[in-house]
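Analysis of the macromolecular model
For reference, the chains in residue letters:
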Amino acid sequence: MKLNVVSELTGDQLEEAWIVYETAFAELNGYTVQRHLMYRAEFDAIAANRRIDKWLALSDNGVLLGLAVYTNDLAAWPLISPEYFARRWPQKYAERRIWYCGFVAVPSHEQGVFLGLIEALYRRAEEERGVICLDICRHNIEAYRMDRAVKVWLTRVSGGRVRCEAADSQNYFTYETAPAPMSVP
């Protein structure tokens, strides 16, 4: 696997990236309240936004295996709060040493590709003694223990120097107005 970092996706590369992204996230929308699959226009806007780097994991013959998006221009990513990071790490924020990973898309769930992308993103932030933020939905935590997998991998590649903590959580509640009777086993 080789990595290529680009600031913009266009033409055939954009189409291939959309297929990888859509394949990786389409099913997740059925398990999460908040959409994890951007609409095509939203994806295209991210793909064209030069403030957000696109990390492409490519096979030896150039096939796109995975894609991640990463930025230290926190105002470039929709729906996160740069003010949170500015309050929490004022010096690092001012020096642009905080990165947000918008997504890591690996449709084959090939662990080596996913971990290779995660490690590369980590190494970029490590160069600056920075902070990385990403969100992991409850489904991926419960079904794949993704939070633990990322922590274990980054602990390994950092020589034990990385510190992980849950920064925030969002809970969604439903209030069913006419629920079916509860069945007693």
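Residues numbered from 1 in each chain as written. Predicted model: local features only at pLDDT ≥ 70, side-chain atom pairs only at ≥ 80, totals over all residues. Heavy atoms only, no water.

Moving on, we get to the sheet that holds strand 4 (residues 98-105). Ordered in space as 1-2-3-4-5, the five strands form an open sheet in which the pairing is mixed. Every interior strand has two partners, whereas the edge strands, strand 1 (2-6) and strand 5 (131-134), have only one. Averaged over all neighbouring strand pairs, the angle between strand axes comes to 25°, with direction disregarded. Sitting on the sheet, helix 1 (residues 11-25) is in contact with strand 1, strand 2 (53-58), strand 3 (64-71) and strand 4, with an inclination near 80° to strand 4. (Pairing = 2+ DSSP bridges. Helix = DSSP H or I, 4+ residues; strand = E, 2+ residues; numbered from the N terminus. Axes fitted to C-alpha atoms, helices over the stretch in contact; angles between N-to-C directions. Contact = heavy atoms within 4.5 Å.)

On to the nonpolar core, then. Side chains of nonpolar character tend, in soluble globular proteins, to be buried together. Core analysis: the largest hydrophobic core is formed by 33 residues, its most contacted members being Leu-9, Tyr-21, Phe-25, Phe-43, Leu-67, Trp-77 and Phe-103. Residue assignment for this core shows that the elements contributing at least two residues are helix 1, helix 2 (40-48), strand 2, strand 3, strand 4 and strand 5. If one sorts the elements of this core by residue count, helix 1 sits on top with seven residues. Residue contacts for Phe-103: discarding those within four places in its chain leaves Tyr-21, Phe-25, Met-38, Phe-43, Leu-67, Ala-68, Val-69 and Trp-77. Counting 21 residues, the second-largest nonpolar core is a separate cluster that includes Val-113, Phe-114, Leu-117 and Ile-118. (Core = buried A, V, L, I, M, F, W, Y, C linked by side-chain atoms within 4.5 Å. Buried < 20%, exposed > 50% of the residue type's maximum accessible area, 1.4 Å probe, protein only.)

A few words now on the packing of aromatic side chains. Applying the stated criterion across every chain yields a total of 11 aromatic pairs. Measuring from ring centre to ring centre gives 5.2 Å for Tyr-21 and Phe-25, while their planes differ by 45°; the resulting arrangement is tilted. With a gap of four residues between them, Tyr-21 and Phe-25 both fall in helix 1, about one helical turn apart. The pair formed by Tyr-21 and Phe-25 is uniform in burial state, with each residue classed as buried. Ring geometry for Trp-55 and Tyr-70: centres 5.8 Å apart, planes at 90°, overall edge-to-face. Pair noted here: Trp-55 is in strand 2 and Tyr-70 is in strand 3, with a separation of 15 residues, a long-range link. Residue classification places Trp-55 among the buried residues on the basis of a relative accessible area of 9%. Overall, Tyr-70 belongs to the buried group, its relative accessible area being 2%. A connected cluster of aromatic rings, assembled from ring pairs, spans Trp-18, Tyr-21, Phe-25, Phe-43 and Phe-103. Sitting over the face of the ring of Tyr-39, Arg-35 holds its NZ or CZ atom 3.9 Å from the ring centroid. (Phe/Tyr/Trp six-rings, centres within 6.5 Å; stacked < 30°, edge-to-face > 60°. Lys NZ or Arg CZ within 6 Å of the ring centre and 35° of its normal.)

Let's shift gears to the environment of Lys-54. On the secondary structure map, Lys-54 appears in strand 2. Judged by relative accessible area, Lys-54 falls into the buried class, the value being 0%. The residues touching Lys-54, leaving out its near neighbours within four places in the chain, are Asn-4, Val-5, Val-6, Ser-7, Glu-8, Leu-9, Ile-46, Ala-47, Asn-49, Leu-67, Ala-68 and Val-69. Among the polar contacts listed, one links the side chain of Lys-54 to the backbone oxygen of Ile-52, at a separation of 2.4 Å. (Polar contact = N/O pair within 3.5 Å; in protein donor to acceptor, adjacent residues only side chain to side chain.)

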